[in-house]
Amino acid sequence: MIKNFLTIAEISRKDIRDILSLAERLKKGLIKIKKVLKEKNIVIFFQKPSLRTRISLECAIDKLGGNSIFLTDNEVGLGKREIAKDVILDLNRFVDGIIARVYNHKDLEQMVRYAEIPVINALSDLEHPLQALADLLTIKEKKGKLKGLNLGFIGYGDNVPISLLFASIKFGINFSIASSPNYSIPLSIQEKARIQASQTKAKILFLSEPDLVARNADILYTQQFVPMGKEKEANKIRKAFKKFSVTKELLKLAKRDVIFMHCLPAYRGEEVTNDIIDSQLSIVFDQAENRLWTTIALFIKIYGT
Ligand code: CP
């Protein structure tokens, strides 16, 4: 039974496997969508912009028979108008769940501390667990397995690769990441990942050379160079990642049947060239679609009896 969903690092392999299996069956139409959110109101609170996450959440809630209420920070003023504790103490009285996209993961942790309703992370500075669920499902669909694959990530070591790192470890995917040295996955998280990887025997590598990560990869994954919330440092970050674009030359180092992944939005011509994102190797829109199926499955896991 899951109540909250804040990180991939802290959720069990079994729970993820159940969600993926349910998502797979729902997508194939093998089972009907149970209206587990009938007469339930779910708040979607976003401090940052979104296309895929917001739409997949709203569509999922609708398909499950629930009602979504979208709030931006203009209404909430998290940490300025009101602290996270007071926000959740109010929401406990009105609604049946909150899904939040926040700058500071600690705000989600504070909500969980006082929540009587489920709290779901729709992206924080620490993790993007909803994205990782869709990524695992998409890899499984395309490769027919997870264990033993080589996943190479190229880019800033923040929320998306951190969730993918822990997802990979749990399912025996060998994960390597190339980041410009000042923008690597934080050392404390690398250490936590090494401890988890020692239990599953997944190989993990934290590097700064895109070539090494691309070599022999089954999957090459990238994301926008400049994370949301780091716009003030954009020029510096872009400069640091100048040689980290996914190009045709880089893909030549990977396995012949390599697939290209991206969480989107993509800055075409920056982290990836048009010929790659538009090629047969690219599965980025399948990833986007799977955001819906894995989100429906997660809600059923949380709200189903
Ligand atoms: N991948 C992702 O989370 O997309 P949005 O930022 O558009 O929600």
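Note that this is a predicted model, so its numbers are computed, not measured.

Trainee: Before we move on, can you summarise the packing of helix H7 (residues 159-170) against helix H8 (residues 187-200) with the specific residues and values?
Mentor: Direction vectors running N to C along H7 and H8 enclose 15 degrees, while the axes themselves pass 9 Å from each other. Considered as vectors, H7 and H8 are oriented roughly parallel to each other. The chirality of how H7 crosses H8 is left-handed. Facing H7, whose interface residues are Ile 162, Leu 165, Phe 166, Ile 169 and Lys 170, H8 presents Ile 189, Lys 192, Ala 193, Gln 196, Ala 197 and Thr 200. Along the lines of polarity and charge, the residues of the contact of H7 with H8 split into seven nonpolar, two polar and two charged.

Trainee: Now, about the layout of surface pockets: what can you tell me, with residues and values included?
Mentor: Size it by volume and the largest pocket reaches roughly 460 Å³. For the lining of the largest pocket, the secondary-structure elements that each account for two or more residues are helix H2 (52-63), H7 and helix H10 (234-240). Empty space within the second largest pocket amounts to approximately 350 Å³. Here the lining of the second largest pocket is built from residues that sort into nine nonpolar, five polar and four charged.

Trainee: Quick one: what's the story with the sheet that holds strand E4 (residues 119-121), residue by residue and with numbers?
Mentor: Strand pairing in a sheet relies on backbone hydrogen bonds, with the paired strands running either antiparallel or parallel. Strand order in the open sheet formed by four strands is E2-E1-E3-E4, and the pairing between neighbours is parallel. Either end of the sheet is taken by a strand with one partner, and the two such strands are strand E2 (67-72) and E4. Pairwise comparison of adjacent strand axes, ignoring direction, gives a mean angle of 20 degrees for this sheet. As defined by bridge partners, strand E3 (residues 97-101) adjoins E4 across three bridges and the pair is classed as parallel. Across the sheet, residue Ile 99 finds its bridge partner in E4, namely Ile 120. Sitting on the sheet, H2 touches strand E1 (41-46), E2 and E3, and the angle it makes with E1 is about 175 degrees.

Trainee: So what about the environment of Ala 214? Which residues, and what values?
Mentor: Inspection of the secondary structure puts Ala 214 in helix H9 (residues 210-214). When its relative accessible area of 0% is taken as the criterion, Ala 214 is described as buried.

Trainee: Break down the environment of Arg 215 for me, citing the residues and quoting the values.
Mentor: Position of Arg 215 relative to the elements: it lies in the loop between H9 and strand E8 (219-222). Arg 215 sits 96 residues away from Val 119 along the chain, and the two C-alpha atoms are 39 Å apart.

Trainee: Run through the nonpolar core, naming residues and quoting values.
Mentor: Across soluble globular proteins, you tend to see nonpolar side chains buried next to one another. With 65 residues, the main nonpolar core has Ile 8, Ile 99, Leu 151, Leu 165, Phe 166 and Phe 299 as its most contacted residues. Among the elements that take part in this core, helix H13 (residues 284-303) stands out by supplying nine residues, more than any other. In contact with Ile 8, not counting residues within four places along its chain, are Ile 16, Glu 127, Pro 129, Ala 132, Leu 133, Ser 163, Phe 166, Ala 167 and Lys 170. One finds Ala 178, Phe 241, Leu 264 and Ile 277 within the second-largest nonpolar core, a separate group that totals 25 residues.

Trainee: So, the packing of aromatic side chains: which residues are in play, and what are the values?
Mentor: Note on aromatic pairs: each is described by the distance of the centres and the angle between the planes. For the coordinates displayed, the defined rule picks out eight aromatic pairs. Relative to Phe 70, the ring of Phe 46 has its centre 5.7 Å away and its plane inclined at 70 degrees; by these criteria the two rings are edge-to-face. With Phe 46 in strand E1 and Phe 70 in strand E2, the pair connects residues that are 24 residues apart, well separated along the chain. When its relative accessible area of 26% is taken as the criterion, Phe 70 is described as partly exposed. By the ring-pair criterion, three or more aromatic residues cluster together here, those being Tyr 156, Tyr 183, Phe 225, Phe 241 and Phe 244.

Trainee: So what's going on with the site of the ligand? Residues and values would help.
Mentor: With respect to spatial proximity, the complete set of residues near the ligand consists of Ser 50, Leu 51, Arg 52, Thr 53, Arg 101, His 128, Gln 131, Cys 263, Leu 264 and Arg 291. His 128 places a polar side-chain atom, nitrogen or oxygen, 2.8 Å from an oxygen atom of the ligand. At 2.8 Å, a backbone N or O of Cys 263 approaches a nitrogen atom of the ligand. Compared with its free state, where it exposes 250 Å², the ligand has 96% of that area covered by protein. Among the cavities detected, the one that contains the ligand is the largest pocket. Residues that form the shell around the ligand fall into these classes: three nonpolar, four polar and three charged.

So, how was this worked out
- In this convention, every chain numbers its residues from 1, walking through the sequence in written order.
- With pLDDT at 70 or above as the cut-off, local features in this predicted model cover only qualifying residues; side-chain atom pairs require 80 or more to be listed or tallied, and sums for whole chains, interfaces and linings still use all residues.
- As a rule here, side-chain values come from all non-hydrogen atoms in the structure, and water together with hydrogens is ignored.
- As a rule, the C-alpha atoms of each element are fitted with a line to give its axis, helices using only the stretch in contact, and angles between N-to-C directions run from 0 to 180 degrees.
- Secondary structure elements follow DSSP: runs of H or I of four or more residues count as helices, runs of E of two or more count as strands, with numbering from the N terminus.
- When describing relative orientation, an angle under 35 degrees is termed roughly parallel and one over 145 degrees roughly antiparallel, while 65 to 115 degrees is termed roughly perpendicular and anything else oblique.
- Take the far helix as the reference: if the near one is turned anticlockwise from it by less than a right angle, the crossing is left-handed, and if turned clockwise, right-handed.
- By the convention used here, residues are in contact when the closest approach between their heavy atoms is within 4.5 Å.
- Nonpolar residues are Ala, Val, Leu, Ile, Met, Phe, Trp, Tyr, Cys and Pro. Charged residues are Asp, Glu, Lys and Arg, and all others, Gly as well, are polar.
- Here the term cavity refers to a set of points on a 1 Å grid, laid over the protein atoms alone, in which a 1.4 Å probe fits but cannot get out; the term pocket refers to an open set having protein on both sides within 12 Å along at least five of seven lines, with lining residues being those that place an atom within 4 Å of a point.
- Grid points are joined across faces, edges and corners, and a volume is the space filled by probe spheres set on the points.
- Think of it this way: DSSP has to see at least two bridges between two strands before they count as a pair.
- Burial classification: accessible surface area is computed with a 1.4 Å probe over protein chains only, and a residue below 20% of its type maximum counts as buried, one above 50% as exposed, and the rest as partly exposed.
- We define a nonpolar core as any set of buried Ala, Val, Leu, Ile, Met, Phe, Trp, Tyr and Cys residues linked to one another through side-chain atoms lying within 4.5 Å.
- Note on ring pairs: Phe, Tyr and Trp rings are taken, using the six-membered ring of Trp, and paired if centres are within 6.5 Å. Classes follow the plane angle, with under 30 degrees stacked, over 60 edge-to-face and the rest tilted.
- Residues are classed as near a molecule or strand on a simple rule: at least one heavy atom within 4 Å of it.
- Contacts described as polar in this section are N or O atom pairs within 3.5 Å, which, within protein, must combine one atom able to donate a hydrogen with one able to accept it, while residues neighboring in sequence count only if both atoms come from side chains.
- Accessible surface area values rest on a Shrake-Rupley calculation with a 1.4 Å probe, where residue burial reflects the displayed protein chains alone.
- In this scheme, a molecule is assigned to a cavity or pocket if more than half of its atoms are within 2 Å of the grid points.

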